[in-house]
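Structure assessment
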Amino acid sequence: MSFVKLTTSALAIAAVSASAAAARDNVQVAGSSTVLPYASIVAEAFGENFDFPTPVVESGGSSAGLKRFCEGVGENTVDIANSSRAIREKEVAACAEAGVTDIIEVRIGYDGIVFASDINGNSFEFTPVDWYKALAAEHFIDGELKANTLSTWDQVNPAFPAQPIQAYIPGTKHGTREVFEEKVILAGCEEGGFLQAMLDAGVDEDTAEGKCMAIRTDGKSVDIDGDYTETLARIESNKDGIGVFGLAFYENNTDKLQVATMSGVVPSTESISTGEYPVSRPLFFYIKKAHIGVIPGLKEFAEFFVSDEIAGPDGPLAAYGLVSDPALAETQAKVADEAVMGGNS
């Protein structure tokens, strides 16, 4: 991959202050495995095109990355946290307690969550109701909650083959898990009338939603704490397995995987950008403003990441599978102005 060397003001290296002189000389990034390939592409290009060292990009999941981000301010803490979900209020509070009070939220684009299986296996046309029925820990039947005993997909939906239910889903430290629970499992519980049945029976709303999203633990659903390569490896060793992936990972592994439709829609960058595909989400990274001007190249890296050349519809991130953000210009202005969450300057 080659990039034209940029000649904008972003290339200018600011005078290094006394405090920066003692700081480490490379940007450190941690977090989402979904954002990881995008951040890695940008980091490599940044190292090739700028007079700064290539940023160090690590994975570990959105929650783990934000936890590291919120450990405090200083060169022994990460500068950027990648996340496949928005930062939670309790994480913002944890950051503040540790002295991380000025956070810049940067939305880089959109991604879809897809359901893929072995390329030579059965094909599926799913709805959220199917996934709720397959993976919910309990079903509300005849006025009471009963353990989910469904073991094959034809028991979930008679249109499906008699294939054993074996799902590989993101572990709880991944931002993708939260989106999966809310936009697939909870949505299926609602669409199938199961949530309303619990409410009608007198179950309070918070408890009912919690029961909807509780995932079975009998082995039919397996949490994957690693990245999507681990999910793919599980499917390669168990051809009945169906995995939850980001769209970009699937699109880069179409020689091994086939993708299911969701509510009749094939996942693609086009169906996600139009909002037609129902299981999509924005992707973010968070910058520790206190590190700008201290860690060399931090702001330059962030501006490069969201530039038209990189994050635009014709850039390398879109080529890998990112759905470009129509409001990218607003994001660029936010980074340039160092606008922090909460409106503080």
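Check the entry above for the structure.
Now for a quick tour of the structure. Everything quoted here is computed from the prediction, not taken from an experiment. (Residues numbered from 1 in each chain as written. Predicted model: local features only at pLDDT ≥ 70, side-chain atom pairs only at ≥ 80, totals over all residues. Heavy atoms only, no water.)

What follows is about the environment of Phe-46. Structurally, Phe-46 can be placed in helix H2 (residues 36-49). Given the relative accessible area of 0%, Phe-46 is considered buried. With 256 residues separating them along the chain, Phe-46 and Ala-302 place their C-alpha atoms 9.9 Å apart. Apart from residues lying up to four places away in sequence, Phe-46 is in contact with Phe-52, Pro-53, Pro-55, Gly-297, Glu-300, Phe-301 and Phe-304. (Helix = DSSP H or I, 4+ residues; strand = E, 2+ residues; numbered from the N terminus. Buried < 20%, exposed > 50% of the residue type's maximum accessible area, 1.4 Å probe, protein only. Contact = heavy atoms within 4.5 Å.)

Buried within helix H9 (residues 205-213) we find Ala-208, Cys-212 and Met-213. Along H9, the residues classed as buried sweep out an arc of 130° about the axis, all on the same side. Turning to H9, the residues buried within the fold contact helix H5 (128-135), helix H7 (175-191) and helix H8 (194-200). You can read the cap of H9 off the contacts: a side-chain oxygen lies 3.3 Å from the backbone nitrogen of Asp-206, and it is on Asp-204. (Arc of directions from axis to C-beta. Polar contact = N/O pair within 3.5 Å; in protein donor to acceptor, adjacent residues only side chain to side chain.)

Let us now look at the state of the cysteines. This structure, assessed with the given rule, holds two disulfides. Sulfur-sulfur distance for the disulfide between Cys-70 and Cys-95 comes to 1.9 Å. With the S-S bond torsion at -75°, the cross-link from Cys-70 to Cys-95 turns out left-handed. Remark: Cys-95 occurs in helix H4 (residues 89-97) and Cys-70 occurs in the loop between helix H3 (62-69) and strand S3 (80-83); sequence separation between them is 25 residues. Judged by its relative accessible area of 7%, Cys-70 is buried. Between Cys-189 and Cys-212 runs a disulfide, and the two sulfur atoms are separated by 1.9 Å. Taking the sign of the S-S torsion, about -50° here, the bridge from Cys-189 to Cys-212 comes out left-handed. With Cys-189 in helix H7 and Cys-212 in helix H9, this pair connects stretches of sequence that are 23 residues apart. We note that Cys-189, like Cys-212, is buried. Counting only the cysteines that take part in disulfides, in the order they occur along the protein chain, gives the pairing 1-2, 3-4. (Disulfide = S-S within 2.5 Å.)

Moving on, we come to the pattern of salt bridges. According to the stated counting rule, one finds 15 salt bridges in the structure shown. Between Arg-88 and Glu-178 there is a salt bridge, with the nearest N and O atoms lying 2.3 Å from each other. Of the two residues, Arg-88 is situated in the loop between S3 and H4 and Glu-178 in helix H7; the sequence distance between them amounts to 90 residues. Judged by relative accessible area, which is 27%, Arg-88 ranks as partly exposed. (Salt bridge = Lys/Arg side-chain N within 4 Å of Asp/Glu carboxyl O.)

Side chains of Glu-190, Glu-191, Asp-204, Glu-205 and Asp-206 sit close together on the surface and give a patch of like negative charge. Breaking the negative patch down by element, the ones donating at least two residues are H7 and H9. Mapped onto the elements, Asp-206 comes out in helix H9. Take Asp-206: its relative accessible area is 65%, and that puts it in the exposed class. (Patch = residues over 30% accessible without salt bridge, like charges linked within 9 Å, V, L, I, M, F, W, Y side chains within 5 Å. Areas by Shrake-Rupley, 256 points an atom, 1.4 Å probe, with all protein chains shown as cover. Lys, Arg positive; Asp, Glu negative; His and termini not counted. Charge placed at Lys NZ, Arg CZ, Asp CG, Glu CD.)

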